[in-house]
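Letter by letter, the chains look like this.
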Amino acid sequence: MSDRNLIQDLLSRYGWLHDERRFDELGSCFTDDARYTMHIGQDQTIGPRIGRLDIVEQIRQFKEAQNDQRRHVISNFMFMEHLPEEATVRSYVTVLASAGGSTGIVTAGWYLDKVVSTPDGWRIAEKTLQLDNGF
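Within any chain, residue numbers begin from 1 and follow the written order of that chain's sequence. Only residues with pLDDT of at least 70 are given local features in this predicted model, and only at 80 or more are side-chain atom pairs given and counted; all residues enter the totals for whole chains, interfaces and linings. Computation of side-chain values covers all heavy atoms of the structure but excludes hydrogens and water.

Student: It is not clear to me how the sheet that holds strand β2 (residues 44-50) should be interpreted in this structure. Could you clarify?
Tutor: Note: strands within a sheet are paired through backbone hydrogen bonds, in either parallel or antiparallel orientation. Any two strands with at least two DSSP bridges between them are considered paired. Helix and strand labels come from DSSP, where a helix needs a run of H or I of at least four residues and a strand needs a run of E of at least two; each type is numbered from the N terminus. Taking strand neighbours across the sheet as the criterion, the six strands line up as β2-β1-β6-β5-β4-β3 in an open arrangement whose pairing is mixed. Edge strands, defined here as strands with exactly one partner in the open sheet, are β2 and β3 (69-82). Put simply, the sheet's adjacent strands are angled 20° from each other on average, direction ignored. Here β3 pairs with strand β4 (residues 86-99) via eleven bridges, running antiparallel. Lines fitted to C-alpha atoms define the axes here, with helix axes fitted over just the stretch in contact, and angles between the N-to-C directions of these axes take values from 0 to 180 degrees.

Printed below as a string of structure tokens:
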């Protein structure tokens, strides 16, 4: 696979593992010292969370507070920069929730990911999420 395909696979895997609550595997998407900052609307910022363990723990806490099935649809991958050892990728995210026999859109927004090539493959070094509204 090309580096671009491997990077898109990494970012899609992040969404899938997040939704399936596979937290041990989710951590493997990040570098040990990764940073994750989340902006909700124009008024709230969470983070930055620093380090894969802190990032995964924050996601775990969010998931434990939800009583529905979330699905992150990550699309429109746009490579802002792509060097042999690092890349910057912008993508859209649409978050769906299913409960009680219906599915609806919870929120939407975008990611800005800085990814780096490691001996274990591409990993997220920095993730910024800008949501249009709360989740």
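Having seen the structure, we can now continue with the description.
Student: Looking at this model, I keep getting lost on the pattern of salt bridges. Mind explaining?
Tutor: Salt bridges, as used here, are contacts in which a Lys or Arg side-chain nitrogen is within 4 Å of a carboxyl oxygen on Asp or Glu. Taken as a whole and assessed by the stated rule, the structure comprises nine salt bridges. In this structure, the salt-bridge partner of Asp32 is Arg52, at a minimum N-O distance of 2.6 Å. Taken together, the residues span a long stretch of sequence, with Asp32 in strand β1 (residues 30-40) and Arg52 in helix α3 (residues 52-64) at a distance of 20 residues. In this structure, Asp54 and Arg49 form a salt bridge, with 3.7 Å as the shortest nitrogen-oxygen distance. Relative accessible area decides the class of each residue, using a 1.4 Å probe on protein chains only: under 20% of the type maximum gives buried, over 50% gives exposed, and in between gives partly exposed. Residue classification places Asp54 among the partly exposed positions, given a relative accessible area of 31%. Given the relative accessible area of 27%, Arg49 is considered partly exposed.

Student: Which parts of the structure should I look at to understand the environment of Thr31?
Tutor: Structurally, Thr31 can be placed in strand β1. As for Thr31 and Val115, which are separated by 84 residues in sequence, their C-alpha atoms are 8.9 Å apart. Pairs of residues are marked as contacts when any of their non-hydrogen atoms sit within 4.5 Å. If sequence neighbours within four positions are ignored, Thr31 has contacts with Arg52, Val116, Arg123, Ile124 and Ala125. Only 3.1 Å separates the side chain of Thr31 from the side chain of Asp33, close enough to count as a polar contact. Pairing of N or O atoms within 3.5 Å defines a polar contact, subject to two protein rules: one partner must be a possible hydrogen donor and the other a possible acceptor, and residues neighboring in sequence count only if both atoms are side-chain atoms.

Student: Can you help me understand α3 in this one?
Tutor: An α-helix turns once per 3.6 residues; consequently, residues spaced three or four apart project the same way. For α3, which comprises 13 residues, the first-to-last C-alpha distance of 18 Å matches the rise-based estimate of 18 Å (1.5 Å per residue) to within 8%. Within α3, the full set of buried residues consists of Ile55, Val56, Gln58, Ile59 and Lys63. In an axial view of α3, the angular spread of the buried residues amounts to 155°, which keeps them on one side of the axis. Exposed residues on α3 whose side chains face more than 90 degrees from its buried face are Leu53 and Glu64. Turning to α3, the residues buried within the fold contact α1 (3-19), α2 (23-26), β1, β2 and β3. Take the residue count of a helix, subtract one, and multiply by 1.5 Å to get its expected span. The arc in question is the one traced by the directions running from the helix axis out to the C-beta atoms.

Student: Which parts of the structure should I look at to understand empty space enclosed by the protein?
Tutor: A water-sized probe, rolled over the atoms, reveals where empty space remains. Only protein atoms enter the 1 Å grid used here. Points where a 1.4 Å probe fits but cannot escape make up a cavity, open sets with protein on both sides within 12 Å along at least five of seven lines make up a pocket, and a residue lines them when an atom lies within 4 Å of a point. Grid points are joined across faces, edges and corners, and a volume is the space filled by probe spheres set on the points. Counting across every chain of the model gives two cavities of 30 Å³ or more. The space that makes up the largest cavity amounts to roughly 150 Å³. Together, 15 residues line the largest cavity, and His18, Met38, His72, Val95 and Phe135 are the ones closest to its centre. If you list the elements that add at least two residues to the lining of the largest cavity, you get α1, β1, α3, β3, β5 (102-118) and β6 (121-131). Following the grouping adopted for this structure description, the nonpolar residues are Ala, Val, Leu, Ile, Met, Phe, Trp, Tyr, Cys and Pro, the charged ones are Asp, Glu, Lys and Arg, and the polar ones are all others, Gly among them. Of the residues belonging to the lining of the largest cavity, the class tally is nine nonpolar, four polar and two charged. There is about 100 Å³ of room inside the second largest cavity. In terms of lining residues, the second largest cavity is bounded by Tyr14, His18, Tyr36, Thr37, Met38, Ile46, Gly47, Arg49, Ile55, Gln58, Ile59 and Phe62. For the lining of the second largest cavity, the secondary-structure elements that each account for two or more residues are α1, β1, β2 and α3. Split into classes, the residues belonging to the lining of the second largest cavity amount to seven nonpolar, four polar and one charged.

Taken by themselves, the reported measurements are silent on function.
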